[in-house]
Amino acid sequence: VFVFTSRAPTSVVPSLCGLNEVALSLKYDYSNKEGLKPVGDGVIGRVAGYAKAQSEFFERNPDSCINLPYEEMIKDPIMAARRIYEFAGR
């Protein structure tokens, strides 16, 4: 059983951009005219690639995959665990 967690891109992208900005600021100077645009573009590209790969894997293996939205796990972790166990036939 593969458990995929999903989260709204509007939450993921800003968070990853901030993380990347901090990490990369140790090595690069962003005072040029492009600023942080390359960082944001890179994050968006990676998130889109991950989403596409996840979706394609899910489509090829529907009987082995369950999608569990992040918000659902936070709201009711016990119910989320039950969904996984039920899906796995336990």
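Thresholds, definitions, all that
Residues numbered from 1 in each chain as written. Predicted model: local features only at pLDDT ≥ 70, side-chain atom pairs only at ≥ 80, totals over all residues. Heavy atoms only, no water. Helix = DSSP H or I, 4+ residues; strand = E, 2+ residues; numbered from the N terminus. Expected span 1.5 Å × (residues − 1). Buried < 20%, exposed > 50% of the residue type's maximum accessible area, 1.4 Å probe, protein only. Contact = heavy atoms within 4.5 Å. Patch = residues over 30% accessible without salt bridge, like charges linked within 9 Å, V, L, I, M, F, W, Y side chains within 5 Å. Areas by Shrake-Rupley, 256 points an atom, 1.4 Å probe, with all protein chains shown as cover. Salt bridge = Lys/Arg side-chain N within 4 Å of Asp/Glu carboxyl O. pLDDT = per-residue confidence, 0-100. 1 Å grid on protein atoms, 1.4 Å probe; cavity = no way out; pocket = protein on both sides within 12 Å on 5 of 7 lines; lining within 4 Å. Points joined across faces, edges and corners; volume = space filled by probe spheres on them. Axes fitted to C-alpha atoms, helices over the stretch in contact; angles between N-to-C directions. Parallel < 35°, antiparallel > 145°, perpendicular 65-115°, else oblique. Left-handed = near helix turned anticlockwise from the far one by under 90°. Nonpolar A, V, L, I, M, F, W, Y, C, P; charged D, E, K, R; others polar.

1. A word on helix α2 (residues 37–60)
Part 1: Helix length check: α2, at 24 residues, gives a terminal C-alpha distance of 35 Å against a target of 34 Å (1.5 Å per residue), a fit within 8%.
Part 2: Looking at α2, one finds that the buried residues are Val39, Gly40, Val43 and Val47.
Part 3: Looking at the buried side of α2, the elements it contacts are α1 (9–25).

2. As for a nonpolar patch on the surface
Part 1: A surface patch of nonpolar side chains, about 250 Å² in accessible area, is lined by Val1, Val3 and Phe87.
Part 2: Examined against the element boundaries, Val1 turns out to sit in the segment before β1 (2–6).
Part 3: For Val1, a relative accessible area of 58% translates into the label exposed.

3. A look at the confidence of the model for the chain
Part 1: Within the chain, residue pLDDT values average 87, and 96% of them lie at 70 or more.
Part 2: Element-level pLDDT for the chain is lowest in α1, with a mean of 82, against a maximum mean of 95 in helix α4 (residues 77–87).

4. Some words on the layout of surface pockets
Part 1: For the largest pocket, the calculated volume is near 250 Å³.
Part 2: Looking at the largest pocket, the residues that line it are Thr5, Ser6, Arg7, Ala8, Pro9, Val12, Leu16, Val47, Tyr50, Ala51 and Gln54.
Part 3: For the lining of the largest pocket, the elements supplying multiple residues, two or more each, are β1, α1 and α2.
Part 4: Among the elements that take part in the lining of the largest pocket, α2 stands out by supplying 4 residues, more than any other.

5. Focus on the packing of α1 against α2
Part 1: Contact pair α1 / α2: the axes reach a minimum separation of 9 Å and the direction vectors enclose 130 degrees. Between α1 and α2, the interaxial angle falls into the category oblique. Crossing geometry of α1 relative to α2 is assigned as right-handed. On α2, the residues that touch Val12, Val13, Leu16, Cys17, Asn20, Glu21 and Leu24 of α1 are Val39, Gly40, Val43, Ile44, Arg46 and Val47.
Part 2: Residues belonging to the contact of α1 with α2 are distributed by class as follows: 9 nonpolar, 2 polar and 2 charged.

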